[in-house]
Amino acid sequence: MKHSITKLIAFTLCAVLSLGLLAACGGASVRSDVAVQDLAAAMRRAVGMEELLVSLDGTFLGLTGTEAEQVGEHEILVSGGSTIDEIGVFKAGTLSVDALKALVEDYLSQYTEKRWPMIELYNPSEQPKLTDAEVTVLGDYVMYTILSEADRATAKAAFEAALK
């Protein structure tokens, strides 16, 4: 009997410790105190486009018909050259993160249909960047990239690293 109680206590202790370790390892928290401008700068540095990507003020709001408080803190970086490279970083304002993500996805859809309808003729090598544009959500933050596959992966890694 004494042996069974010892086994039961040991088993219970192991189970509790295992759950605690799983929660600590699997539930990595996401920071919510990183300024969007700092995230955008980290991504710009990571892809090596400090000089090429420039900030666009108000364009996203104008194109989406939203107010600054809805979208929240945001930074849009676009290519100052002949490419369509673009990075957008947002920290949700009064919109939920899901609503902000949907808004960004709609923006990318409009971008494809309205802003670059002739990209195949203008610069066909840029088309995959737009076709493969990606939206990433992490905590209160939403990020999109219109970049090459390699730069997209690098920018996403920088985004995720900055929020850990």
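Worth saying up front: this structure is predicted, and the values here are computed from it rather than measured.

Trainee: Please explain the overall build of the protein as it appears in this structure.
Mentor: Secondary structure assignment for the protein yields 8 helices and 5 strands. Accessible area of the protein: about 9,200 Å², with a carbon and sulfur share of 59%.

Trainee: Would you mind going over the environment of Glu 75 with me for this structure?
Mentor: On the secondary structure map, Glu 75 appears in strand E2 (residues 73-79). Given a relative accessible area of 12%, Glu 75 falls into the buried group. Distance in space between the C-alpha atoms of Glu 75 and Val 89 is 5.3 Å, their sequence separation being 14 residues. A polar contact is formed between the side chain of Glu 75 and the side chain of Ser 55, at a distance of 2.8 Å.

Trainee: Would you take a moment to explain the pattern of salt bridges for this structure?
Mentor: When the charged atoms of two side chains with opposite charge come close together, those side chains can pair. In this structure the tally under the stated criterion is 6 salt bridges. Among the salt bridges present, the one from Arg 152 reaches Glu 134, with a minimum N-O distance of 3.8 Å. Placement of the pair is Arg 152 in helix H8 (residues 149-162) and Glu 134 in strand E4 (residues 134-138), with a sequence separation of 18 residues. A relative accessible area of 10% means that Arg 152 is categorised as buried. Residue Lys 156 pairs with Glu 134 through a salt bridge whose shortest N-O separation is 3.4 Å. Taken together, the residues Lys 156 in helix H8 and Glu 134 in strand E4 connect sequence positions 22 residues apart. Assessed through its relative accessible area of 28%, Lys 156 is described here as partly exposed.

Trainee: Teacher, can you tell me more about the packing of aromatic side chains here?
Mentor: Two aromatic rings are characterised by how far apart their centres lie and by the angle between their planes. Tallied over the entire structure, the rule returns 4 aromatic pairs. Here Phe 60 and Phe 90 contribute two aromatic rings whose centre-to-centre distance is 4.8 Å and whose plane-to-plane angle is 55 degrees, an arrangement assigned as tilted. Placement of the pair is Phe 60 in helix H3 (residues 59-64) and Phe 90 in strand E3 (residues 86-91), with a sequence separation of 30 residues. There is no split in this pair, since Phe 60 and Phe 90 are both buried. With a centroid separation of 5.5 Å and an interplanar angle of 55 degrees, the aromatic rings of Tyr 107 and Tyr 144 are classed as tilted. With Tyr 107 in helix H5 (residues 97-115) and Tyr 144 in strand E5 (residues 141-146), this residue pair connects regions lying 37 residues apart in the sequence. Judged by its relative accessible area of 3%, Tyr 107 falls in the buried class. For Tyr 144, a relative accessible area of 0% translates into the label buried. An aromatic cluster is built from Phe 60, Phe 90, Tyr 107 and Tyr 144, whose rings are joined through pairwise contacts.

Trainee: What should I look at first to understand helix H2 (residues 36-46) in this one?
Mentor: An α-helix turns once per 3.6 residues; consequently, residues spaced three or four apart project the same way. Of the residues making up H2, those classed as buried are Val 36, Leu 39, Ala 40, Ala 42, Met 43 and Arg 44. Packed against the buried residues of H2 are strand E1 (53-55), E2, E3, E5 and H8.

What counts, and where the lines are drawn
- Residues numbered from 1 in each chain as written.
- Predicted model: local features only at pLDDT ≥ 70, side-chain atom pairs only at ≥ 80, totals over all residues.
- Heavy atoms only, no water.
- Helix = DSSP H or I, 4+ residues; strand = E, 2+ residues; numbered from the N terminus.
- Areas by Shrake-Rupley, 256 points an atom, 1.4 Å probe, with all protein chains shown as cover.
- Buried < 20%, exposed > 50% of the residue type's maximum accessible area, 1.4 Å probe, protein only.
- Polar contact = N/O pair within 3.5 Å; in protein donor to acceptor, adjacent residues only side chain to side chain.
- Salt bridge = Lys/Arg side-chain N within 4 Å of Asp/Glu carboxyl O.
- Phe/Tyr/Trp six-rings, centres within 6.5 Å; stacked < 30°, edge-to-face > 60°.
- Contact = heavy atoms within 4.5 Å.

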